[in-house]
Amino acid sequence: MKLKTCLHLAVFASVALGASLVFYPLVVAQESVQPQVPLGINTIIYNNFDSKLARSYMKTPKALFEFYAARNFKPVWSNSSGVNKEARALVDLIEKSWEHGLNPYSYHLENIYKFLDTRDEPLLADLDVLLSDAYVRLARDLTGIRVDPSSLKSNKKFWKTPLAADYVLGLLQQNSDASALIHSFEPKGRTYEAIQAELVALTTDKAFAYEAVLPIRVNVNVLRPMDRNEAVRKIRVRLDVPAFEGSDPTLYDDRVAAAVIRFQRENGLKDDGIIGGQTLDIMNISHTTKIEQLIANLERLRWVEEEKPNKFVVVNVPSATLWAVEGGKVAFEMPVIVGTQKRPTNIFRTTIDGIRFNPNWTVPPTIKKDDILPKLRDNPDYLSSKGMDLLNNNGQMLNPASLDWQNMSEQDLRSLSMVQKPGLNNPLGRVRVLMPNAYNIYLHDTNDPSYFDRANRAASSGCVRMKYPEQMANFVMSERAGWTPENTQSYIEEGRMRDVFIQNPIPVYLLYYTVWIGEDGALVFGSDLYGFDDNLIKLLKDLDGIFIPVDNNRL
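In this text, all values refer to a predicted model and were calculated from it rather than measured experimentally.

Participant: How should the overall build of the protein be read in this particular structure?
Facilitator: Across its full length, the protein carries 19 helices and 17 strands. Expressed along its principal axes, the backbone C-alpha trace of the protein runs to roughly 90 × 75 × 50 Å. Taking all contacts inside the protein whose residues are at least 6 apart in sequence as the whole, residues at least 24 apart take part in 69%. Looking at the protein as shown, the accessible area adds up to about 26,000 Å², and 48% of this sits on carbon and sulfur atoms. Computed over 63 positive and 67 negative side-chain charges, the inter-centroid distance for the protein is 2 Å.

Participant: Would you mind going over the pattern of salt bridges with me for this structure?
Facilitator: Evaluated as defined, the whole model comprises 25 salt bridges. Residue aspartate 253 is joined to arginine 236 by a salt bridge in which the shortest nitrogen-to-oxygen separation is 2.9 Å. Linking aspartate 253 in the loop between helix H10 (231-239) and helix H11 (254-266) with arginine 236 in helix H10, this pair joins segments that are 17 residues apart in sequence. For the pair shown, aspartate 253 and arginine 236 are each scored as buried. Close ionic contact of arginine 343 with aspartate 371 constitutes a salt bridge, the shortest N to O distance being 2.8 Å. Residue arginine 343 is found in the loop between strand E5 (329-339) and strand E6 (348-357), and its partner aspartate 371 is found in helix H14 (residues 365-378); the two are separated by 28 residues along the sequence. Shared partners join several salt bridges into a network, and the residues in it are Asp141, Arg146, Glu299, Arg302 and Asp544.

Participant: Is there a simple way to explain the nonpolar core in this structure?
Facilitator: Grouped together as the largest cluster of nonpolar side chains are 166 residues, with contacts concentrated most on Trp77, Tyr135, Leu322, Met418 and Met472. It is helix H6 (residues 121-141) that contributes the most residues to this core, 12 residues altogether.

Participant: Would you explain the side chain of histidine 108 in this entry?
Facilitator: Relative to the elements of secondary structure, histidine 108 occurs in the loop between helix H4 (85-95) and helix H5 (109-115). Here the side chain of histidine 108 touches arginine 137 through a polar contact of 3.5 Å, side chain to side chain.

Participant: What's the story with the sheet that holds strand E7 (residues 361-362) in this structure? I'm lost.
Facilitator: Strands pair in a sheet through their backbones, by hydrogen bonds, and they do so in one of two ways: parallel or antiparallel. Read from one edge to the other, the open sheet built from four strands follows the order E7-E10-E8-E9, with strand pairing classed as antiparallel. Pairing within the sheet leaves two strands with one partner each, and these edge strands are E7 and strand E9 (397-398). Direction of pairing for E7 relative to strand E10 (residues 417-420): antiparallel, over a ladder of two bridges. Counterpart to tryptophan 361 in the pairing with E10 is glutamine 420.

Participant: I would appreciate a short explanation of helix H8 (residues 178-185) in the present structure.
Facilitator: For an α-helix, 3.6 residues make a turn, and residues three or four places apart therefore share a direction. Of the residues making up H8, those classed as buried are Ala178, Ser179, Leu181, Ile182 and Phe185. Projected down its long axis, H8 carries its buried residues within an arc of 160 degrees, all on one side. The inward-facing, buried residues of H8 abut H4, H6 and helix H7 (165-174).

Participant: How should unusual backbone geometry be read in this particular structure?
Facilitator: Excluding glycine, most residues fall at negative phi; most peptide bonds, likewise, are trans. The omega torsion of the bond from leucine 214 to proline 215 falls at 0 degrees, within 30 degrees of zero and hence cis. Checked against the element boundaries, proline 215 lands in the loop between helix H9 (190-204) and H10. In this structure, phenylalanine 73 is a non-glycine residue whose phi angle is positive, near 65 degrees. For phenylalanine 73, the position within the fold is in the loop between helix H3 (61-70) and strand E1 (78-79). Take phenylalanine 73: its relative accessible area is 5%, and that puts it in the buried class. Of note, lysine 153 is a non-glycine position whose phi angle comes to about 60 degrees, a positive value. Mapped onto the secondary structure, lysine 153 falls in the loop between H6 and H7.

Participant: Looking at this model, I keep getting lost on the packing of aromatic side chains. Mind explaining?
Facilitator: The description of an aromatic ring pair rests on the distance of the ring centres and on the angle between the ring planes. Tallied over the full model, the rule gives 23 aromatic pairs. Judged by centre distance (5.5 Å) and plane angle (80 degrees), the rings of phenylalanine 49 and phenylalanine 65 are edge-to-face. Residue phenylalanine 49 is located in the loop between helix H1 (41-48) and helix H2 (52-57), and its partner phenylalanine 65 is located in helix H3; the two are separated by 16 residues in the primary sequence. An aromatic cluster is built from Tyr46, Phe49, Phe65, Phe67, Tyr68 and Phe73, whose rings are joined through pairwise contacts. Geometry around tyrosine 210 places arginine 238 over its ring, the cationic atom sitting 3.9 Å from the centre.

Participant: I'm lost on the environment of leucine 510 in this one. Help?
Facilitator: Looking at where leucine 510 falls in the secondary structure, it is placed in strand E15 (residues 498-511). Expressed as a C-alpha distance, the spacing of leucine 510 and aspartate 128, which sit 382 residues apart in the sequence, is 42 Å. If we skip the residues at most four places from it in the chain, leucine 510 touches Trp159, Val315, Thr345, Asn346, Ile347, Phe348, Met435, Ile441 and Val464.

Participant: Just checking my understanding: could you explain the pairing of strand E3 (residues 311-316) for this structure?
Facilitator: Across a regular strand the side chains alternate sides, sitting on one face of the sheet and then on the other. Here E3 lies mainly inside the structure; six of its six residues are buried. Of the two faces of E3, both are covered, the one formed by Lys311, Val313 and Val315 as well as the one formed by Phe312, Val314 and Asn316. Sheet topology note: the E3/strand E4 (residues 321-326) ladder contains six bridges and is antiparallel. Bridging from a neighbouring strand, phenylalanine 312 pairs with valine 325 of E4. Between E3 and E4, which pair antiparallel in sequence order, lie four residues; one of them, alanine 320, sits at a positive phi of approximately 50 degrees. Taken together, the four bridges between E3 and E15 define a ladder with parallel strand orientation. From the neighbouring strand, valine 315 faces E15, where its bridge partner is leucine 510.

Participant: Is there a simple way to explain H1 in this structure?
Facilitator: The buried fraction of H1 is high, at eight of eight residues. For H1, the full list of buried residues reads Ile41, Asn42, Thr43, Ile44, Ile45, Tyr46, Asn47 and Asn48.

Participant: Got a minute to help me understand the confidence of the model for the protein in this structure?
Facilitator: For the protein, per-residue confidence averages 89 on the pLDDT scale, and 92% of positions sit at 70 or higher. The model gives residues 4-35 a pLDDT under 50, and that stretch makes 79 contacts with residues more than four places away or in other chains. Below pLDDT 50 for its whole length, residues 551-555 participates in nine contacts with residues either more than four positions away or in separate chains.

Rules used in this analysis
Residues numbered from 1 in each chain as written. Predicted model: local features only at pLDDT ≥ 70, side-chain atom pairs only at ≥ 80, totals over all residues. Heavy atoms only, no water. Helix = DSSP H or I, 4+ residues; strand = E, 2+ residues; numbered from the N terminus. Contact = heavy atoms within 4.5 Å. Areas by Shrake-Rupley, 256 points an atom, 1.4 Å probe, with all protein chains shown as cover. Lys, Arg positive; Asp, Glu negative; His and termini not counted. Charge placed at Lys NZ, Arg CZ, Asp CG, Glu CD. Salt bridge = Lys/Arg side-chain N within 4 Å of Asp/Glu carboxyl O. Buried < 20%, exposed > 50% of the residue type's maximum accessible area, 1.4 Å probe, protein only. Core = buried A, V, L, I, M, F, W, Y, C linked by side-chain atoms within 4.5 Å. Polar contact = N/O pair within 3.5 Å; in protein donor to acceptor, adjacent residues only side chain to side chain. Pairing = 2+ DSSP bridges. Arc of directions from axis to C-beta. Phe/Tyr/Trp six-rings, centres within 6.5 Å; stacked < 30°, edge-to-face > 60°. Lys NZ or Arg CZ within 6 Å of the ring centre and 35° of its normal. pLDDT = per-residue confidence, 0-100.

Okay, here's the thing in structure tokens:
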């Protein structure tokens with residue numbers, strides 16, 4: 001029954017209860033035992049809660065104590081013959097928890113193995129509480145966020161909080177079938193299950209044969225068909241396109257181009273056959289990195305509630321794609337432009353309250369300091385040429401030519417507002433989605449649609465630019481009684497800034513999934529645009545480790 005592994009790839013952190021800790025005995029002095037507690041194993045379980053050593057391995061000692069007190073400290077997982085079938089079923093689920101990207105050894109697995117076949121009453125008492133604590137830990141890890149996502153440009157408040165310990169223990173009190181309970185906690189979404197299946201498949205498979213030639217490096221900005229480059233030799237190995245005998249293996253010929261286009265299409269890239277940074281990044285993903293990418297995405301998928309309202313909007317930042325969903329179906333999807341690596345789009349959720357037609361644009365502090373101030377130092381008429389107003393804190397209009405931009409301090413700059421009027425020069429275009437948030441990130445139109453033709457659409461200062469803003473405006477405003485697409489067009493053509501609100505706000509999720517289901521139903525491995533996968537894997541390793549079982553027969 002023990003988990004058969006010989007190698008833990010990456011490193012898994014030691015759990016609170018170390019491998020060397022022996023549980024026998026954890027009984028404290030008899031005078032601490034209250035007379036109303038029955039003798040035998042119940043008494044030993046009761047005494048364990050009075051032991052600092054025992055409490056040190058409990059994740060939630062207060063909830064566990066109240067759980068056992070409610071059952072008069074009767075064991076949950078054992079009887080006179082030893083552990084019961086529910087205990088063995090729980091151990092089986094713990095062993096398989098790596099299929100969720102979790103570390104089985106963070107649920108006391110090593111110490112559970114030591115005592116699983118015992119009939120010694122004190123050891124069974126220790127094991128009983130240990131199994132209950134493992135049940136709580138696993139239930140909580142399956143049902144919400146486990147890390148501080150601040151390094152991922154997010155905040156815990158936006159995501160699912162794990163189920164409370166007293167709640168999951170209360171369910172166990174009502175239904176002793178822990179296996180069924182754990183299964184009920186597991187996410188059931190199509191993407192989650194597809195990623196799980198891929199994780200199991202990759203863990204079963206050997207490392208990719210092409211890893212011997214990784215990483216592939218190109219000494220030019222991009223490779224195009226019919227170029228010659230030494231990197232093409234490795235690209236042939238990576239894509240399994242050997243050169244014909246007598247041909248030049250460094251030539252990026254039609255066969256290689258066809259394989260590259262197919263690879264780009266399968267990985268959510270622009271399928272133009274041009275090998276640039278994004279294509280190379282995904283070509284260079286190793287077997288282990290791919291497994292860790294799956295684990296990171298399983299973790300993030302558990303942060304979002306599966307039960308969603310009838311109508312909502314999702315933006316996946318790495319794929320630079322927006323989906324509008326209504327009635328359980330995708331009403332439409334569109335390409336979007338997201339933040340650059342230096343100015344990433346934050347990951348959060350909020351609600352859409354309405355639409356601002358013909359918005360003005362108040363320049364954010366970062367853009368004001370890093371982008372516009374240098375231009376004003378070169379040309380004091382820059383704001384005027386763009387139709388922008390310069391205002392002081394009192395809202396009074398200022399003449400940009402009258403200010404000393406060369407010696408402008410940051411404090412002085414903060415006292416000024418730069419406002420772009422509605423019109424052709426406005427970077428927000430004609431539509432801005434009203435979605436209040438602390439990051440000042442929103443969905444909007446653009447006055448420069450050329451970016452949508454780029455292979456890499458990470459080009460904004462953090463906000464999300466939409467390719468089809470009128471379609472989004474109609475989707476949102478359909479929540480307003482009597483609104484029609486003709487109203488949308490009329491408000492846009494009017495040219496005046498107007499906010500129109502809806503009665504029922506629409507949830508919007510800005511997410512970071514680097515693995516998703518493509519149009520053909522297969523998983524797509526995208527690029528880790530901001531390095532958030534790497535950051536999350538580090539957080540998980542520090543938390544309780546990354547565990548990947550590897551079979552001796554495949555080494």
